Amino acid sequence: MADAAKQSAQYYVNSRWLGGTLTNWQTISNSISRLRELESLSEDELALRTKKERLMMSREQERLERDSGGIKDMGNLPSLLFVIDTNKEANAIKEARRLGIPVVAIVDTNCDPDTVDYPIPGNDDASRALELYVSLVSKAAIDGIGRSSSALGADLGASERAPAEDLPTDEASVN
């Protein structure tokens, strides 16, 4: 699941949702800073530590990577939240609703579709179904990125001729 998010350049949380991930970004950013600090330690710096310190730092880095590794490059709030299981991710949905972020979710028969903005009826338990949903959302994200970037300007690579450039004229060279 994380691979599909990475391929489509999207942020993800594929472990337990930490309360305040969206509404208390300052605390989460402190954890992300600590993760980056641990990642930046060189072998020489680690060699100066005791075996127990290295073990504790390794465990801390694994925990931080698991909890916030998918959002460590997120600079601002997302414009949309995609959720697989609305019962398990109720806190994420509450935070998104509080901030006005639209929520798209796979809604099974045991879930309330009124808690999300865009419910998608489907099985949220079967791994094959989840792979299908995630791959479709990933492809849609890639397509949306491509469409928005092409709408910003003309594709110069598709032109038959190079566009003419206005060269600055120097008064001294003209005379």
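Rules used in this analysis
- Each residue is numbered by its place in its chain's sequence as written, counting from 1.
- Two thresholds apply to this predicted model, a pLDDT of at least 70 for residue-level local features and 80 or more for giving and counting side-chain atom pairs, whereas whole-chain, interface and lining totals are computed over all residues.
- In computing side-chain values, all of the structure's heavy atoms are included and hydrogens and water are not.
- We define a salt bridge as a side-chain nitrogen of Lys or Arg found within 4 Å of a carboxyl oxygen belonging to Asp or Glu.
- Residue burial is assigned from relative accessible area. The probe radius is 1.4 Å, only protein chains are included, and a residue is buried under 20% of its type maximum, exposed over 50%, and partly exposed in between.
- The criterion is simple. A nonpolar core is a set of buried Ala, Val, Leu, Ile, Met, Phe, Trp, Tyr and Cys residues joined through side-chain atoms within 4.5 Å.
- Think of it this way: any DSSP run of H or I at least four residues long counts as a helix, any run of E at least two long counts as a strand, and we number them from the N terminus.
- Note on definitions: a residue-residue contact is assigned when non-hydrogen atoms from the two residues lie within 4.5 Å.
- The pairing criterion for strands is at least two bridges between them, as found by DSSP.
- When the strands point away from the viewer, a crossover counts as right-handed if the route from the first strand across the helix to the second turns clockwise.

## Comments concerning the pattern of salt bridges
- Inspection of the entire model under this criterion finds eight salt bridges.
- Across the pair Lys72 and Glu65 runs a salt bridge, and its minimum N-O distance is 3.7 Å.
- You can call Lys72 buried: its relative accessible area is 18%.
- Overall, Glu65 belongs to the partly exposed group, its relative accessible area being 33%.
- A single network of salt bridges, built from pairs that share partners, joins Arg34, Glu37 and Glu60.

## A closer look at the nonpolar core
- Core analysis: the largest hydrophobic core is formed by 17 residues, its most contacted members being Leu22, Leu81, Val83, Ala96, Val103 and Val116.
- Going through the elements one at a time, α2 (25–39), β1 (81–83), α5 (90–99) and β2 (103–107) are the ones with two or more residues in this core.
- Apart from residues no more than four positions distant in its own chain, Val83 is found in contact with Glu89, Ile93, Val103, Val104, Ala105 and Ile106.

## With respect to unusual backbone geometry
- The backbone of Ala9 shows a phi angle near 60 degrees, a positive value even though the residue is not glycine.
- For Ala9, the location among the structural elements is in the loop between α1 (2–7) and α2.
- According to the relative accessible area criterion, Ala9 is exposed, its value standing at 57%.

## Quick word on the pairing of β2
- Counting buried residues along β2, five of its five residues qualify, which places the element largely inside the surrounding structure.
- Alternating residues of β2 divide into Val103, Ala105 and Val107 and Val104 and Ile106, and every residue in both groups is buried.
- Bridge count between β1 and β2: three bridges; the pairing is parallel. Paired with Val83 across the strands is Ala105, a residue of β2.
- Chirality of the crossover, the property in question, places the unit of β1, α5 and β2 among those that are right-handed.
- One ladder, built from four bridges, connects β2 with strand β3 (residues 118–121); its direction is parallel.

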